[in-house]
Amino acid sequence: MKPAAKSARRPATATRRSVSGATARGILLQTAAKVVPLNQRRLTFGGKWDYAPAPEDSKHYVIAPRHELFIAGRFVKPHSGKYFPSINPATEERLTDIAAADATDVDKAVKAARKAYEKVWRNMPGRERGKYLYRIARIIQEKSRELAVLETMDGGKTIKESRDVDLPLVAAHFFYYAGWADKLKYAFPGRTPQPLGVAGQIIPWNFPLLMAAWKIAPALACGNTVVLKPAETTSITALRLAQILQEAELPEGVVNIVTGAGETGAALVNHPDIDKIAFTGSTEVGKAIARAIAQRSAGFSPLPLDSATMKRPEGRALKLPKLTLELGGKAANIVFEDAPIDQAIEGVINGIYFNQGHVCCAGSRLFVQEGIYSTVIKKLRDRIQTLRVGNPLDKNTDIGAINSRPQLEKIRELVQSGVDEGAELTQTQCTLPAKGYWFAPSFLTGVTHAHRVANEEIFGPVLSVMTFRTPEEAFERANNIPYGLSAGVWTDKGSKIFKLVNKLRAGVVWANTYNKFDPTSPFGGYKESGFGREGGLQGLSAYCRVE
């Protein structure tokens, strides 16, 4: 080969030499002007992340214009004749009217449950009770698509969460406890478990059908009967479950469902013929329930059994029901310098933005080791820009609607308090729908322990970010809060995981993952996050008297 001619290399050199000194300085100044500081850089996706609409068809699932109470195996009108609307939080449209149960209705439900307990359910062999639970689980699987659509329309959560997370877990809980129904003696070796009686159960609006399964399945497996009170904003799927119980031919009165607001729940808690109270919800309401039950130990009965005479029947001792509470949380998600950062970012996203942050165990406090703080913030800021907010029935949507207007106002008020106290707010650059209850995925930096957002449960898609230097500082700051429901640890070292897990005062600690649930695993909290466990073998003990 002939060597390349010198003239072939000249144009580039000549071009460089042809630029005058002044022109060169001008080019350099223009280039420098375009340099964006690292902490201000943003990823620009344009339309590359846009998806064509993929809405789940909801036209085939007709919602009845009115829903009644479910008592003694039948749907009955409320004693008061009152109803309240159920609103789709994504559109603010009225879905249906729900019956408002009063003390008289609750009394009827408890009597139906007591009759079913004494005459049918407690005397039924465990293998027969298990058959009913298996049948319920299979029907739920068959109707899972319909139930997922109803859950999304009623609660605002995305269809991919209700379809791929909630409904499979609902069926799994009924299957799991169906298997235990005839094996209770193996769950409590050397002892004889006996059912408690009638269980009053109150569930929240963030996981309506899943929370119903968490409570109903173990109660029935142990031989108890149930009076369930769903949240007033999300009652549709609970009443659809009542239809499934009819289809499964569950004996009348074994499960009763009374709908309504706080007054209905209070009537259930204060009823003197309840043997067990299981509540999932806010810490404030949980404290009120514990206080009401404590008053019974002093002989005080706020709601008499006989609502007509307003007297407690003579000869019947006032019961002190067994109590379990699963309350609020303010979980710490701790990321160490040696953690797989990209994996940790996905865990943080799942920990706080899953179900719009409507999760008691949401990882709402992010502790980042100082050495990787800037990297984590940059990745987190870029990642939340990819979250799609909009129609919950669209299969591409990541963030759905806030459950109700009061909850949205609470989120706004707490976030504003964080900004007023000096924190810096970062939100997704998205256009929120004109109608409905929406809040963009957000996180706050510059947060200290003195901020309200670092101590109060926001229950929305808002993350508070703080830093730490040493492992000792991490777990001390994580524990320095009234709550103790859950926590997360991200590190490459197993020894560090075990060290922290043993020092974190939380009922559930996830390592290098977050928000993973299974019916075989117990769940519950410490301190103001409640007491008692649901799920697994521990979930059985909450509904048994062991002799």
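None of these values were measured; they are calculated from a predicted model.

Participant: How should I be thinking about the overall build of the chain in this particular structure?
Facilitator: Helix and strand counts for the chain come out as 17 helices and 22 strands. When burial is assessed residue by residue, the chain has 54% of its 547 residues classed as buried. Pairs at least 24 residues apart make up 76% of the contacts formed inside the chain by residues separated by at least 6 positions. By element, 53% of the accessible surface of the chain is carried by carbon and sulfur atoms, the whole surface being about 24,200 Å².

Participant: Can you help me understand the sheet that holds strand S1 (residues 66-67) in this one?
Facilitator: Through backbone hydrogen bonds, the strands of a sheet pair up, either in parallel or in antiparallel fashion. Spatial strand order, S1-S5-S4: 3 strands in an open sheet with mixed pairing. Since the sheet does not close on itself, it has two edges, and those belong to S1 and strand S4 (83-88), each with one partner. The pairing of S4 with strand S5 (residues 93-99) spans 6 bridges and is classified as antiparallel. Each bridged residue has a counterpart across the sheet, and for Phe84 the counterpart in S5 is Ile98. Packing against the sheet, helix H9 (residues 236-247) makes contact with S1, S4 and S5, and its axis sits at approximately 55° to S5.

Participant: Sorry, what's going on with the sheet that holds strand S18 (residues 486-490) here?
Facilitator: One open sheet accounts for 7 strands, arranged S14-S15-S16-S13-S12-S18-S19; its pairing is mixed. Strands at the two margins of the open sheet, each flanked by one partner only, are strand S14 (424-427) and strand S19 (508-511). When the angles between neighbouring strand axes are averaged without regard to direction, this sheet yields 20°. Pairing between strand S12 (residues 332-335) and S18: 4 bridges, direction parallel. Note on S18: the bridge partner recorded for Asn333 is Gly488. Taken strand by strand, helix H12 (residues 341-353) contacts S12, strand S13 (365-369), strand S15 (442-445), strand S16 (462-468) and S18, and its axis lies near 135° from that of S16.

Participant: Would you take a moment to explain the nonpolar core for this structure?
Facilitator: Proteins that are soluble and globular tend to have nonpolar side chains buried together. Formed by 107 residues in total, the largest nonpolar core has its most connected members in Ile140 and Phe174. For this core, the leading source of residues is helix H8 (residues 208-221), giving 11 residues. Those residues in contact with Phe174, other than ones at most four positions away along the chain, are Leu133, Ile136, Ala137, Ile140, Ala213, Ile216 and Ala217.

Participant: Can you help me understand the pattern of salt bridges in this one?
Facilitator: Two side chains that carry opposite charge are able to pair once their charged atoms sit near each other. Tallying each qualifying case throughout the model produces 33 salt bridges. With its nearest N and O atoms 2.8 Å apart, the salt bridge here joins Arg94 to Asp97. Salt bridges sharing common partners tie together Glu56, Arg145 and Lys395.

Participant: Can you walk me through helix H6 (residues 159-180) in this structure?
Facilitator: Since the α-helix advances by 3.6 residues per turn, residues separated by three or four positions end up pointing in the same direction. Across its 22 residues, H6 extends 31 Å between first and last C-alpha, which sits within 8% of the 32 Å expected from 1.5 Å per residue. The largest bend in H6 is about 30°, located at Asp166, with the proline Pro168 one to four residues further on.

Participant: Just to check I follow, could you spell out the packing of H12 against helix H13 (residues 373-384) for this structure?
Facilitator: What describes two packed helices is the angle between their axes and the distance between those same axes. Contact pair H12 / H13: the axes reach a minimum separation of 10 Å and the direction vectors enclose 55°. In terms of their interaxial angle, H12 and H13 are classed as oblique. Where H12 crosses over H13, the two elements pack in a sense that is right-handed. Along the contact surface, H12 presents Ile341, Asp342, Ile345, Glu346, Val348, Ile349 and Tyr353, while H13 presents Thr375, Val376, Lys379, Leu380, Arg383 and Ile384.

Participant: Just checking my understanding: could you explain the environment of Leu500 for this structure?
Facilitator: Within the secondary structure layout, Leu500 lies in helix H16 (residues 494-501). A residue is classified by how much of its surface remains accessible, and Leu500, at 1% relative accessible area, is buried. It is 8.6 Å that separates the C-alpha atoms of Leu500 and Glu472, two residues lying 28 residues apart in sequence.

Participant: Which parts of the structure should I look at to understand helix H11 (residues 283-296)?
Facilitator: Given a rise of 1.5 Å per residue, 14 residues ought to cover 20 Å, and the 20 Å separating the end C-alpha atoms of H11 matches this to within 8%. Those residues of H11 lying buried are Thr283, Gly286, Ile289, Ala292, Ile293 and Arg296. Considering only its buried residues, H11 is in contact with helix H10 (262-269), strand S10 (276-280), strand S11 (322-326) and strand S17 (483-484).

Participant: What should I look at first to understand the pairing of S11 in this one?
Facilitator: A regular strand places its side chains on the two faces of the sheet in alternate fashion. The element S11 is extensively covered by neighbouring structure, given that 4 of its 5 residues are classed as buried. With 5 bridges joining them, S10 and S11 adopt parallel strand pairing. Paired with Phe279 across the bridge in S11 is Leu325. As judged from the 2 bridges shared by S11 and strand S21 (residues 530-531), these two strands associate in the antiparallel manner. In the sheet register, Glu326 faces S21, and the bridge partner there is Gly530.

Participant: Looking at this structure, how should I read the confidence of the model for the chain?
Facilitator: Across the chain, the average pLDDT comes to 90, with 88% of residues at or above 70. Taken as a whole, residues 27-32 scores under 50 in pLDDT and shows 0 contacts with residues more than four places along the chain or in a different chain. Long-range and interchain partners of residues 303-316, a stretch whose pLDDT sits below 50, account for 23 contacts in this model, where long-range means more than four residues apart.

Parameters and conventions
- Residues numbered from 1 in each chain as written.
- Predicted model: local features only at pLDDT ≥ 70, side-chain atom pairs only at ≥ 80, totals over all residues.
- Heavy atoms only, no water.
- Helix = DSSP H or I, 4+ residues; strand = E, 2+ residues; numbered from the N terminus.
- Buried < 20%, exposed > 50% of the residue type's maximum accessible area, 1.4 Å probe, protein only.
- Contact = heavy atoms within 4.5 Å.
- Areas by Shrake-Rupley, 256 points an atom, 1.4 Å probe, with all protein chains shown as cover.
- Pairing = 2+ DSSP bridges.
- Axes fitted to C-alpha atoms, helices over the stretch in contact; angles between N-to-C directions.
- Core = buried A, V, L, I, M, F, W, Y, C linked by side-chain atoms within 4.5 Å.
- Salt bridge = Lys/Arg side-chain N within 4 Å of Asp/Glu carboxyl O.
- Expected span 1.5 Å × (residues − 1).
- Bend = angle between axes of the 7 residues up to and from the residue.
- Parallel < 35°, antiparallel > 145°, perpendicular 65-115°, else oblique.
- Left-handed = near helix turned anticlockwise from the far one by under 90°.
- pLDDT = per-residue confidence, 0-100.

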